[in-house]
Amino acid sequence: MPFFKKKEKIDDNHRIYKRHSIFQSTYYKLEDSSKTIKDCMIQNISQGGMLLVIEENLDIGTHLIIIANFNGQLIQEKLIIVRKQKMITKKYGCVFADESTKENRETILKSYFESL
């Protein structure tokens with residue numbers, strides 16, 4: 001009799017939010033005393049968060065602020081890094097962290113997703 005039960009693999013199609021590949025250059029800054037704005041790339045986005053390509057080494061749990069343009073509408077959103085991977089580039093899975101901007105963000109992103 002086994003001591004543990006194997007977890008079932010979660011299929012990407014069962015995510016809460018649909019991902020959209022966009023490959024858009026944009027800007028971010030760390031949510032700290034530094035005022036330095038740096039370049040990054042949004043690889044995909046959903047109503048729940050973004051996958052970012054960032055050159056610097058960041059840790060899971062890091063808070064950052066992203067500034068992005070979606071069909072002429074700018075958003076400035078707080079994100080938290082929840083996963084990272086390093087293959088050829090450094091990619092960071094982030095979730096939106098600010099509930100106070102959720103309604104506006106969802107409206108802008110919904111309009112943007114419909115235009116894809």
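What counts, and where the lines are drawn
- Residues numbered from 1 in each chain as written.
- Predicted model: local features only at pLDDT ≥ 70, side-chain atom pairs only at ≥ 80, totals over all residues.
- Heavy atoms only, no water.
- Helix = DSSP H or I, 4+ residues; strand = E, 2+ residues; numbered from the N terminus.
- Buried < 20%, exposed > 50% of the residue type's maximum accessible area, 1.4 Å probe, protein only.
- Contact = heavy atoms within 4.5 Å.
- Areas by Shrake-Rupley, 256 points an atom, 1.4 Å probe, with all protein chains shown as cover.
- Pairing = 2+ DSSP bridges.
- Axes fitted to C-alpha atoms, helices over the stretch in contact; angles between N-to-C directions.
- Expected span 1.5 Å × (residues − 1).
- Arc of directions from axis to C-beta.

A. Just the overall build of the protein, in detail. Scanning the protein for helices and strands turns up 1 helix and 6 strands. Per-residue burial for the protein yields a buried fraction of 36% across its 116 residues. Partitioning the contacts of the protein with sequence separation of at least 6, the portion at a separation of at least 24 is 50%. On the protein, roughly 8300 Å² of surface is accessible, and the fraction owed to carbon and sulfur atoms is 52%.

B. Here's a closer look at the sheet that holds strand 2 (residues 38-45). Taken in spatial order, the 6 strands line up as 1-2-3-6-5-4 and close into a barrel, and their pairing is antiparallel. Sheet twist, expressed as the average angle between the axes of neighbouring strands with direction ignored, equals 45°. Across 4 bridges, strand 1 (residues 20-30) lies against strand 4 (residues 63-70) in antiparallel orientation. Bridge assignment links Tyr28 to a residue of strand 4, and that residue is Ile66. Sheet contacts for helix 1 (residues 102-115): strand 1, strand 2, strand 4, strand 5 (73-86) and strand 6 (90-96); angle to strand 5, the most-contacted strand, approximately 85°.

C. Region of the structure containing helix 1. Taking 1.5 Å per residue as the helical rise, helix 1 with its 14 residues ought to reach 20 Å, and the 20 Å between its terminal C-alpha atoms agrees with that figure. Those residues of helix 1 lying buried are Arg105, Ile108, Leu109, Tyr112 and Phe113. All buried residues of helix 1 lie within an arc of 135° about the axis, which places them on one face of the element. Counted as exposed and oriented over 90 degrees from the buried face of helix 1: Glu103, Asn104, Thr107, Lys110 and Glu114.

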